[in-house]
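Next come the chains, spelled out residue by residue.
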Amino acid sequence: MAVWIQAQQLQGDALHQMQSLYGQHFPIEVRHYLSQWIEGQLWDAIDLENPQEEIKAKRLLDSLIQELQKKAEHQVGEDGFLLKIKLGHYASQLKSTYDRCPLELVRCIKHILYTEQRLVREATNSSSPVGSLMDSMSQKYHQINQAFEELRVLTQDTENDLRKLQHNQEYFIIQYQESLRIQAQLSSLATLPPADRQLREPSLLSKRATVEAWLTREANTLQKYRLGLAEKHQKTLALLRKQQTVILDDELIQWKRRQQLAGNGGPPEGGLDILQSWCEKLAETIWQNRQQIRRAEHLRQQLPIPGPIEEMLTELNSTITDIISTLVTSTFIIEKQPPQVLKTQTKFAATVRLLVGGKLNVHMNPPQVKATIISEQQAKALLKNENTRNDISGEILNNNCVMEYHQTTGTLSAHFRNMSLKRIRRSDRRGAESVTEEKFTILFESQFSVGGNELVFQVKTLSLPVVVIVHGSQDNNATATVLWDNAFAEPGRVPFIVPDKVLWPQLCEALNMKYKAEVQSNRGLSEGNLVFLAQKAFSSSSVNPEDYRNMTMTWSQFNRESLPGRNFTFWQWFDGVMELTKKHLKPHWNDGAILGFVNKQQAQDMLMSKPNGTFLLRFSDSEIGGITIAWVAENPNKAERMVWNLMPYTTKDFSIRSLADRISDLNHLLFLYPDRPKDEVFSKYYTPPLCKLELYLSTYFSSFLTFYIYIYIYIYTNYHSKSLRSCRPDSMGSYWSPWILETLCSHFTYSSAYT
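Parameters and conventions
Residues numbered from 1 in each chain as written. Predicted model: local features only at pLDDT ≥ 70, side-chain atom pairs only at ≥ 80, totals over all residues. Heavy atoms only, no water. UniProt positions renumbered as here; feature names shortened; annotations may be inferred. Buried < 20%, exposed > 50% of the residue type's maximum accessible area, 1.4 Å probe, protein only. Helix = DSSP H or I, 4+ residues; strand = E, 2+ residues; numbered from the N terminus. Pairing = 2+ DSSP bridges. Salt bridge = Lys/Arg side-chain N within 4 Å of Asp/Glu carboxyl O. Axes fitted to C-alpha atoms, helices over the stretch in contact; angles between N-to-C directions. Contact = heavy atoms within 4.5 Å. Phe/Tyr/Trp six-rings, centres within 6.5 Å; stacked < 30°, edge-to-face > 60°. Lys NZ or Arg CZ within 6 Å of the ring centre and 35° of its normal. 1 Å grid on protein atoms, 1.4 Å probe; cavity = no way out; pocket = protein on both sides within 12 Å on 5 of 7 lines; lining within 4 Å. Points joined across faces, edges and corners; volume = space filled by probe spheres on them. Core = buried A, V, L, I, M, F, W, Y, C linked by side-chain atoms within 4.5 Å.

Labelled according to an unreviewed UniProt entry, the protein chain appears under the name Signal transducer and activator of transcription, originating from Cyprinus carpio. In the Sequence similarities (unreviewed entry) part of its UniProt record, the protein chain is described as follows: "Belongs to the transcription factor STAT family."

## Some thoughts on the pairing of strand β8 (residues 411-424)
With ten of 14 residues buried, β8 lies mostly within the body of the structure. Bridge analysis of strand β3 (residues 347-354) against β8 gives seven bridges, and the strand direction is antiparallel. Each bridged residue has a counterpart across the sheet, and for T351 the counterpart in β8 is H415. Pairing geometry for strand β5 (residues 394-397) and β8, over four bridges, is antiparallel. Pairing of E395 across the sheet is with R423, part of β8.

## Side note on the pattern of salt bridges
On inspection of all chains with the given rule, the structure shows 40 salt bridges. Across the salt bridge formed by R152 and E149, the nearest N and O atoms sit 2.7 Å from each other. Of the two residues, R152 and E149 are both situated in helix α8 (residues 135-188); the distance of three residues between them amounts to about one turn of the helix. Between R300 and E297 there is a salt bridge; the shortest N-O distance is 3.2 Å. Of this pair, R300 and E297 are both found in helix α10 (residues 273-302), three residues apart, which corresponds to roughly one turn of the helix. With respect to class, R300 is no different from E297; both count as buried. It is possible to trace a salt-bridge network through shared partners that takes in K514, E518, E579, K582 and K583.

## Quick notes on the sheet that holds strand β10 (residues 455-462)
Strand order across the open sheet formed by four strands is β6-β4-β9-β10, with antiparallel pairing between neighbours. A strand with exactly one partner marks an edge of an open sheet, and here the two such strands are β6 (400-402) and β10. Adjacent strand axes in the sheet meet at a mean angle of 25° when their direction is disregarded. Of the pairings in the sheet, the one linking strand β4 (residues 368-375) to β6 comprises three bridges and is antiparallel in character. Bridging across to β6, V369 finds its partner in C401. Contacting β9 (440-450) and β10, helix α11 (residues 309-330) runs over the sheet at an angle of about 40° to β10. Against the sheet, helix α12 (residues 376-383) engages β4, β9 and β10, with an angle of about 120° to β4.

## Thoughts on the environment of F597
Position of F597 relative to the elements: it lies in the loop between α17 (570-590) and α18 (600-607). Distance from F597 to L533, taken between C-alpha atoms, is 7.5 Å for residues 64 residues apart in sequence. Each residue touching F597, except ones within four places of it in the same chain, is listed here: Y515, L525, N529, F532, L533, W573, F574, V577, W589, Q602 and F619.

## Side note on the packing of aromatic side chains
What the rule picks out here adds up to 29 aromatic pairs. Judged by centre distance (6.0 Å) and plane angle (45°), the rings of Y515 and F574 are tilted. Taken together, the positions of Y515 in helix α14 (residues 504-519) and F574 in helix α17 put the pair 59 residues apart, joining distant regions of the chain. Each member of the pair, Y515 as well as F574, is classed as buried. A ring pair is formed by F538 and Y548, whose centres lie 6.2 Å apart and whose planes are at 15°; its orientation type is stacked. Of this pair, F538 sits in helix α15 (residues 527-538) while Y548 sits in the loop between α15 and β13 (552-554), and the two are ten residues apart along the sequence. The cationic tip of R523 hangs over the ring face of W589; the distance from NZ or CZ to the ring centre is 3.5 Å.

## Some details on empty space enclosed by the protein
In this structure the tally under the stated criterion is one cavity of 30 Å³ or more. The calculated volume of the largest cavity comes to roughly 60 Å³. Contributing to the lining of the largest cavity are L165, R226, L229, A230, H233, A296, L299, I309 and L313. Listing elements by their share of the lining of the largest cavity, those giving two or more residues are α9 (194-262), α10 and α11. Looking at the lining of the largest cavity, the element that brings in the most residues is α9, giving four residues.

## Let's talk about the sheet that holds strand β18 (residues 676-677)
Strand pairing in a sheet is mediated by backbone hydrogen bonds. Such pairs are either parallel or antiparallel. With mixed pairing, five strands are arranged side by side in an open sheet as β16-β15-β14-β17-β18. One side of each edge strand has no neighbouring strand; the edge strands of this open sheet are β16 (640-645) and β18. Across two bridges, the pairing between strand β14 (residues 614-619) and strand β17 (residues 671-672) is parallel. Note that in β17 the partner of T614 across the bridge is F671.

## Things to note about the nonpolar core
Formed by 80 residues in total, the largest nonpolar core has its most connected members in I247, F416 and F444. Top contributing element to this core by residue count: α9, with 14 residues. If we ignore the near neighbours within four places in the chain, the residues touching F416 are F348, A349, A350, V352, V369, A371, N398, N399, N400, C401 and F444. With 57 residues, the next largest nonpolar core counts F488, W504, A510 and F682 among its residues.

Here's what the structure looks like:
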């Protein structure tokens, strides 16, 4: 069902949230009349951080306006006439608004569609049996919203009390002035004759006594009001701090953890809209209470009354400032992390965001954000508030960016689009640590003020750990460091400490997550696959998964020490399997055609009970990124059957000819284990015969043409040399360059595949 049809069925607060998405920036009527067209466009295919995508965004804007104009032209009748005018007006309005910034239109519609889908999903979950799975989350959200409602009531209550206190104090001051006037009149009686003084003095004394008694009584009442108001503020601030802890220390930390696991291939961390709305509510409530406390302090200064209120107000002011400081500094976050394997001299991007920037009007004076790269030790010193300004770990180009406010989404963010790490300075390494185990981090920092320079904040945030490489060959080991850190880092750790050993099931979870993400497959690692990996990791022969439940694997076993009898580590072998599958074997893995994680002995045991010509595909034990074909057939030298294994195929082989075509070429392969005819499994991936012929002919002619060009260049180059003029014709072969022979050999090797 279309999202818009479901969105129209929303009720209560969800309906109000949906309606608030629309306005002059994007009228709800446009959403209604073009709902099908809007939901049919590929908005997510446009990268908002890439300025080159503006052309696509402009096309979508033009198409939207054309659709609106077309819709307007088809309106007839009296009602249609008014709608025609309105839709035409909206077309002009959208063109003038977004013509110079079409990416903002895409940002706006993506935000609208995402929010509508979330609201519909939440409403559906709450009303269906499947929603019971969401009960825990829904209950938590309900508790947070309840707490906000309680804070709203408390804040309104203290606002009413403050107004009442102000009114009573103003009346008190009037009466106090009256008391001073009476006292002045009494003082002036001294200049009157005794008879007049005796006549007027008793009345004035009585008035003074009455007013002073009222002032004394009212001063006590005002003091009680002030104390009562301060106690209510204490209660409000306690609830505010508790609510802020739930949102920042629970929800935001969980979002950051999901973001970190997403770096290992976990599910996306999700949007920040809900978190931002909560943080903005916190900011609004905190600011209201801060203003109330300041007004209460002003009333105290206006009319000092001895008592504990001065100390209480000082403490309240300190507490509320601490709360808002924590909120602002904690909501300066990295929305899009820089790459965790960072190559020097290579462009990269990142996005930082201030979740309360719009609510606190920080965008009125847009702050600038600076990015620098610091070492692990510098990060530790930074968290201890030690000065690290004189330490330099590297130079980043294009590392300054001004935060921009997007009115349609209410977000304040800085998009670093063209950063590049020019150079890196490494620290002294510990023990066996290699350069690909050294962790850095990108520090983002800014400074801004709120409330008319009332408060000035210096905010900083650190990226996830970054491993710096200078060559692509280091990528494999750098990825291992990142995987281990992302998987096993604990919240609130000292940068960037991770356990040196973990339980095998924990590592299995991380490997499975990474494998599914890299191969882009829903088929993950089965229990049998994980047993195979455990056998390889621990040099064990046990096939019982329970035997590995309590075993631990160290970092050294993972990616420092080579596997027994091999010159590569466990991770390097596993990463090679992922790369090969991702580049060349993904469809076959998804089809279940590749068993993969099977050793040589297991393959033999499985195949010997099957008919001749039965084969299976397994990853090579001896070569990184290799896959081999094992099949059962007769041994021509002996009257017995045996399992044969081909030399492993690698990426280099598959770049020439695909796995399916190679299997098609091998006529002795008949059945994919256990008993599926090979053509039934692989025929849909065979290269069509015509394509084969074209490929062969083009390769044939291009190879010979290249060969003759090489011969011509060689002879022409050497013809003018004395050595060639003086050599005998029969010695010409000694001058043939190895690369000429290699070209000729490669041609015939390739051609033989088709003969």
